[in-house]
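# Understanding the architecture of this molecule
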Amino acid sequence: MQVEMDMEGALNARNQVGIQDFVLLDETSEAAFLSNLKKRFCKDLIYTYIGTLLVSVNPYKELDIYNKKQMDVYMGVNFFELPPHIYALADNAYHTMLAEFSNHFILISGESGAGKTEASKKILQYYAVSCPSTALLNTVRDKMLMSNPVLEAFGNAKTLKNDNSSRFGKYMDIQFDSEGDAVGGHILNFLLEKSRVVHQNHGERNFHVFYQLLHGGEEDLLHRLGLDRNCRHYSYLTQGECAAMPSVNDKNDWKTVKNALQVIDTDAIDAHHLFGIVASVLHLGNVKFEPDGKGHAGLNEKNAELHWVSNLLGVDANSLKEGLTFRKIEAKTDQVLSPFSPDHAVYVRDALAKAVYGHTFTWLVNTINASMENTDPSKKTVIGLLDIYGFEVFNINSFEQFCINYCNEKLQQLFIQLTLKAEQEEYEAEDIEWEPVQFFNNKIICDLVEERHRGIISILDEECLRPGEATDLTFLERLEEKMGNHPHFVSHKLADKKTRGTLERGDFRLLHYAGEVTYCVVGFLDKNNDLLYKNIKDLMCHSKNPIVRQSFSCMEPDSRRRPETVATQFKSSLMKLTEILVAKDAWYIRCLKSNESRTPGQFDEALIRHQIKYLGLMQHLRVRRAGFAYRRKYEVFLQRYKALCPATWPHWRGDAADGVLMLVQHLGYFPNEYKMGRTKIFIRHPRTLYATEDAFEKCKHQLATRLQAKYKGYRAKGEFRKQKEAATKIETCWRGAQARKERDKRAWAVKVIKQFIKGYMTRGQAKVTDNSEYLAFVRQNYLNRLKDNLPETVLDKSTWLAPPSVLAETSELLRKLHYRLMVRKYVRGITPQKKTQLQLKFIASSMFMGKKESYPQSVAQPFADSRISDEDINARVLQMLHSEHIKYSVPTIKYNRNGFKTRPRQLILTQAAAYMVEEAKIKQTILYTALQGISVSNLTDSIVVLHVTREDPKDKGDLVLQCKHLFELVTKLSIVANKQNVVRVLQGSIKVEFQAGKESAVEFSTGPEPTAYKAKNGHLMVVATRARPR
Ligand SMILES: Nc1ncnc2c1ncn2[C@@H]1O[C@H](COP(=O)(O)OP(=O)(O)OP(=O)(O)O)[C@@H](O)[C@H]1O
Ligand SMILES: [Mg+2]
């Protein structure tokens, strides 16, 4: 399942640095494997997959790939698109667990110093960050995280291979509830390397806790424990000659451990006892035995170290002394004390130290478990982390290596079982015929080691129990007897000539699945027995130190039964572990050491080749690739490669399996290269996939260009559509706004019109709200119009604009005002001359208006002061008249009395009289006093008759004159003579009297031509034309 996921990422990164997944390696040779690993390691890519298995190469330098950002990148992401990482594996396990509600374990294996513990810490940290958190969950999380420094203090030590080497195997269950919250944890520990308590190789150290206590412990604590800070004072710490080392800060670690102890619920009293035990071990190491006279081990009762030990372990000093120097043999009723030799006493002392330390370690694990225990009964799923020693091959391999390698043999068996099972299950589920996979089944080796009665462990146990002188060598003999011709067992004695050379006499060799390992039997029996005499055990069971008491008494419930040997204990714990693991889905991390000297960036090919072999990586790869290297759900496969076949691109509408079939046929897959399962396609060789991937790569470029173009078009279209939509929207809004405006305008107009109509209808009423505006409008309108249509002259009486009724009064006032204004203006504009003129004209009008037909035409013609200039008047006449001021003169035609002959005459008016002048003669003088009347006709003629009284009969009498300037003449004359009242306008005829009693008349009539002639009756007939109507 997850294998598939990884591949996609591997395919993508194929051309980057090496191959991310070995399953896709074209060649399965070790050389190809190594070369790929190296290529990646050189680029600091320390992780590579073999399917779900993660291969990790220790870089020996801090890489910036474990930060929060990286965690976020991998969190919940389909990791097949991301480069291999421990977080990817952790995350994948976590999400599979949640999705399938199943249990999982992550097996981390590798040589000492390869990075197993670091890997398990990284996983824990990842879960601590990525899992949901609450206050409660956080305490569980803290406990899990803090259990590490405590267990490392007590279970880790500096070795030649690793400054922080775990000297025990550890399996930690993290329990999750259905929400994915980490709610509890449980730790199983395996095979603590107790021998380290009493012995360290040169350059190695005892467990960290001793140094931490001495370097970091507070003064009063050390005082209470009877310790000083100098490590050299403790023989258990001096053998390795390596108390301090630069990579470890014991002082700081001490603080961390003390803090961590609190987090895991260890109270002050427990801590007090715990440190007492640590100190007691140091004191115990300093207990020395002196041989007494008989060569027996002697120990002074006053021995200070003895007292410290008894004190700290809470046991009686005497009993302790006895236990360290005598063995108590129980006969039927009696107890016999058998003294030890000094050497044996040292052995017993060391055994006690190891036992005390070992039990305390177990107590610690139990305490941690109790504090992390989840009490909620609902069902939980777990992810187990197994940090366990990988295959170990040294120059000299002993009992420990035997156990460790046996453990790896078991785990390999488990792996094969689980992997093959998973493969087989998948094939079955997919309806694909199971093809037997060629792999080495290591059951035969497991049996060789663990089989009841026949296996090496059984034989070892038997030898340990056998009465008599059993030794390591007798054990080897028994092995040789029993194993005889077992194909995986060789000893010096059994070997053929060629092999024998490579074996010592005390050696036997096992052909493990990972390779051959030669074990030296020396120490096997002892280490397997791990003997602690009963009297000491009893003593410990009654210790006042509760930790000691508890851990010893619970270990040995049945004191009469022989305790289980170390190998058997280990075997049972492995069985138990196998049981735990077999029910879970497996994930693997294989850690490799890049070099022995811990140099960053150095890739030691020989060393790595060795590890590849002993970690069984090639085996693993082969199993993984046994059937089909690649499998993928149809949908996913089709989705990725559909572009490669015209029938499936861009969409395949039918069943995905049919689409895939179409696709692979189009690509020309041979029938034996692939199989069609129920839901997946299986591809046998990576090269087939690569060919497909290469084609895809090529096609991708073309597609990319096409897609780009399409996308650009799409974007442009989208943009256009967006703009269009925006435009429409704006338009709609604009139109809406306009429409609203229009509507408002109309509403306003309706209102105004209504108001107008109402106003109009009530216009006659007094001003009320309804008509006030209308009236105002009417007023304004009228005044405005009036302004533009005012009469321009005083005479214009017709143009005054008719006012509306409301303004009738105002209009009248205005009209008057306006006329007065015009009059005033007019009057102001009148000169004295004009005034005189007007006065004259006024007089003329009073005399003629409406009476004489030609009057209207004359009105417009101004009167002249005189019609004849002085120059035109004869000088003599002027002389004659010199005393008189000439007021007016005008040329006239005189009709004489005899036949009305016409003669031109100048008529000159002075103050006193009117003179008729012909050239130099004054022909007639008419005194105004004699002037009785002035008559004119009512027609258009210009005849004037002056009626004169004759004082004297010689006087000439009335004068008939014709004058062009009739009105002027008559007016002036009437004024000068003050005779307005005698001016007459007569109709028909005017009587004239030339001589006394002799009357004549001028008769007037109208006709087409103006003429004047003497009629038969002697009258002057004047014919006038009709005045043209004006
Ligand atoms: N991923 C890593 N990045 C950087 N350094 C690492 C990494 N893994 C391990 N190391 C370095 O290698 C050292 C040894 O690692 P670790 O203690 O995990 O080894 P181990 O496999 O647990 O060994 P042992 O079997 O002895 O316990 C670490 O102290 C650290 O310095
Ligand atoms: Mg470790």
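For every chain, the first residue of its written sequence is number 1, and the numbers climb from 1 along that sequence. For this description, chains carry letters from A and ligands carry numbers from 1, given in the order in which they are written. Given that this is a predicted model, residues contribute local features only at a pLDDT of at least 70 and side-chain atom pairs are listed and counted only at 80 or more, while totals for whole chains, interfaces and linings are drawn from all residues. Heavy atoms throughout the structure, all of them, feed into the side-chain values; hydrogens and water do not.

Before going further, it helps to spend a moment on the overall build of the chain. Scanning the chain for helices and strands turns up 35 helices and 31 strands. Every radius of gyration here is taken over C-alpha atoms, with the globule rule written as 2.2 Å times N^0.38, N being the number of residues. Whereas a compact globule of 1030 residues would reach a radius of gyration of roughly 31 Å, the chain reaches 72 Å, over 25% beyond that. Seen through its C-alpha atoms, the chain measures out along the principal axes to roughly 225 × 80 × 55 Å. Of all 1030 residues assigned to the chain, the portion counted as buried reaches 50%. Contacts are assigned to residue pairs with any non-hydrogen atoms lying within 4.5 Å of each other. Of the contacts formed within the chain by residues at least 6 apart in sequence, a portion of 64% connects residues at least 24 apart. On the chain, roughly 51400 Å² of surface is accessible, and the fraction owed to carbon and sulfur atoms is 53%. For the purposes of this entry, the term helix denotes a DSSP run of H or I that reaches at least four residues, the term strand denotes a run of E that reaches at least two, and both are numbered from the N terminus. The classification of residues rests on relative accessible area computed with a 1.4 Å probe and restricted to protein chains. Under 20% of the type maximum is buried, over 50% is exposed, and intermediate values are partly exposed. Computed by Shrake-Rupley with a 1.4 Å probe, the accessible areas treat only the displayed protein chains as cover when residues are assessed.

Let us now look at the coordination of the magnesium ion (ligand 2). In ideal tetrahedral geometry, four donors around a metal make angles of 109.5 degrees, whereas ideal octahedral geometry with six donors gives angles of 90 or 180 degrees. Distances from the magnesium ion (ligand 2) to its protein donors, Thr117 (OG1) and Ser166 (OG), fall within 1.9 to 2.0 Å. In this pair, Thr117 is assigned in helix α5 (residues 116-130) and Ser166 in strand β5 (residues 165-166), connecting sequence segments 49 residues apart. Across the pair, Ser166 and Thr117 agree in class, each one buried. Donors, by definition, are the N, O and S atoms found within 2.8 Å of a metal, the threshold being 3.2 Å for Na, K and Ca, and water is not counted, so a site can look incomplete.

On the surface, a cluster of nonpolar side chains totalling about 600 Å² of accessible area is made up of Ile753, Phe756, Ile757, Tyr760, Met761 and Phe777. The element that contributes the greatest number of residues to the nonpolar patch is helix α29 (residues 686-761), accounting for five residues. Mapped onto the fold, Met761 is located in helix α29. A relative accessible area of 58% means that Met761 is categorised as exposed. Grouping into patches uses exposed residues only, defined as over 30% relative accessible area, and leaves out salt-bridged ones; the cut-off is 9 Å for like charges and 5 Å for nonpolar side chains (Val, Leu, Ile, Met, Phe, Trp, Tyr). The salt bridge criterion pairs a side-chain nitrogen of Lys or Arg with a carboxyl oxygen of Asp or Glu, the two atoms within 4 Å.

Let's shift gears to the pattern of salt bridges. The final tally for this structure, using the stated rule, is 46 salt bridges. Note that Arg509 is salt-bridged to Glu516, the shortest N-O span being 3.9 Å. Looking at Glu516, the relative accessible area reads 42%, which means it is partly exposed. One salt bridge connects Glu725 with Arg721, and the closest N-O pair in it is separated by 3.8 Å. Note that Glu725 and Arg721 are positioned in helix α29 at a spacing of four residues, about one turn of the helix.

Moving on, we come to the sheet that holds strand β30 (residues 1011-1014). For two strands to pair, DSSP has to find at least two bridges joining them. If you walk across this open sheet you meet the four strands as β28-β29-β31-β30, and the pairing is mixed. Either end of the sheet is taken by a strand with one partner, and the two such strands are β28 (989-995) and β30. For this sheet, the mean inter-axis angle between neighbouring strands, taken without regard to orientation, is 20 degrees. Pairing geometry for strand β29 (residues 998-1006) and strand β31 (residues 1020-1024), over five bridges, is parallel. Counted as the bridge partner of Glu1003 is Met1021 from β31. Note on geometry: axes are lines fitted to C-alpha atoms, helical ones only across the stretch in contact, with angles between N-to-C directions running from 0 to 180 degrees.

Before going further, it helps to spend a moment on the packing of helix α32 (residues 832-848) against helix α35 (residues 966-976). Packing of α32 against α35 leaves a shortest axis separation of 9 Å and a crossing angle of 100 degrees. Here α32 is positioned roughly perpendicular relative to α35, judged by the angle of their axes. The residues of α35 that touch α32, namely those facing Leu840, Ile843, Ala844, Met847 and Phe848, are Phe967, Val970, Thr971, Lys972, Ser974 and Ile975. Polar here means any residue other than Ala, Val, Leu, Ile, Met, Phe, Trp, Tyr, Cys and Pro, which are nonpolar, and Asp, Glu, Lys and Arg, which are charged; Gly is therefore polar. Of the residues contributing to the contact of α32 with α35, the split by class is eight nonpolar, two polar and one charged. We call two directions roughly parallel when the angle between them is under 35 degrees, roughly antiparallel when it is over 145, roughly perpendicular when it lies between 65 and 115, and oblique otherwise.

It is worth spelling out empty space enclosed by the protein at this point. For cavity detection a 1 Å grid was placed over the protein atoms alone, and a set of points counts as a cavity when a 1.4 Å probe fits there but cannot get out; an open set counts as a pocket when protein lies on both sides within 12 Å along at least five of seven lines, with lining residues being those that have an atom within 4 Å of a point. Grid points are joined across faces, edges and corners, and a volume is the space filled by probe spheres set on the points. This structure, assessed with the given rule, holds seven cavities of 30 Å³ or more. If you go around the largest cavity, you meet 13 residues; those closest to its centre are Tyr127, Ala128, Cys131, Arg141 and Ala182. Among the elements of the structure, α5 and α6 (135-155) are those that each provide at least two residues to the lining of the largest cavity. No other element matches the five residues that α6 contributes to the lining of the largest cavity. Tallied by class, the residues present in the lining of the largest cavity amount to ten nonpolar, two polar and one charged.

When two rings of Phe, Tyr or Trp (its six-membered ring) have centres within 6.5 Å they constitute a pair, described as stacked for plane angles under 30 degrees, edge-to-face for angles over 60, and tilted for the intermediate range. In this structure the tally under the stated criterion is 36 aromatic pairs. Relative to Tyr588, the ring of Phe415 lies with its centre 4.9 Å away and its plane at 90 degrees, an arrangement referred to as edge-to-face. Separated by 173 residues along the polypeptide, Phe415 in helix α16 (residues 399-429) and Tyr588 in strand β16 (residues 585-593) bring together distant segments of the chain. Classification of Phe415 by relative accessible area gives buried; the value is 1%. Classification of Tyr588 by relative accessible area gives buried; the value is 2%. Above the face of the Tyr211 ring, Arg205 is positioned so that its terminal group lies 3.9 Å from the ring centre. By definition here, charges over rings are those cases where NZ of Lys or CZ of Arg is within 6 Å of the ring centre and within 35 degrees of the ring normal.

Attention now goes to the pairing of strand β2 (residues 53-58). By the criterion of burial, β2 is predominantly enclosed, with six of the six residues buried. Side chains Leu53, Val55 and Val57 project from β2 onto one buried face, and the interleaved Leu54, Ser56 and Asn58 project onto a second face that is buried too. Pairing of strand β1 (residues 47-50) with β2 involves four bridges; the strand directions are antiparallel. Residue pairing across strands places Tyr49 opposite Leu54, the latter belonging to β2.

Another aspect to go through is the pairing of β29. Note that β28 and β29 share six bridges and pair antiparallel. Bridging from a neighbouring strand, Glu993 pairs with Glu999 of β29. Hairpin remark: β28 followed by β29, antiparallel, with two residues in the connecting loop; positive phi at Gly997, about 80 degrees.

Counting residues in each nonpolar core, the largest one holds 209 residues, and the members touching the most others are Ile106, Tyr127, Phe508 and Phe637. Tallying contributions element by element places helix α15 (residues 342-372) first for this core, with 14 residues. By size, the runner-up hydrophobic cluster in this structure holds 34 residues, among which are Val890, Ala914, Leu966 and Val976. Buried Ala, Val, Leu, Ile, Met, Phe, Trp, Tyr and Cys residues form a nonpolar core when they are joined through side-chain atoms within 4.5 Å.

Another point: the sheet that holds β16. Across the sheet, which stays open at both edges, the seven strands sit in the order β1-β2-β16-β3-β12-β6-β7 with mixed pairing between neighbours. Each edge of the sheet is formed by a strand with only one pairing partner; in this case those strands are β1 and β7 (182-190). The average angle at which neighbouring strand axes cross in this sheet is 20 degrees, direction not considered. Of the strands in this sheet, β3 (104-110), β6 (169-176), β12 (381-389) and β16 are in contact with α5, which crosses β12 at around 160 degrees. Along the sheet, α15 makes contact with β6 and β7, crossing β7 at roughly 165 degrees.

Next up on the list: the side chain of Ser937. Along the chain, the position of Ser937 falls in strand β24 (residues 931-937). Judged by relative accessible area, which is 0%, Ser937 ranks as buried. What qualifies as a polar contact is a pair of N or O atoms within 3.5 Å, subject to a donor-acceptor requirement within protein and to the restriction that residues adjacent in sequence count only when both atoms come from side chains. At 3.0 Å, the side chain of Ser937 and the backbone nitrogen of Leu939 are in polar contact. Engagement of the side chain of Ser937 in a polar contact is seen with the side chain of Asp941, the distance being 2.3 Å.

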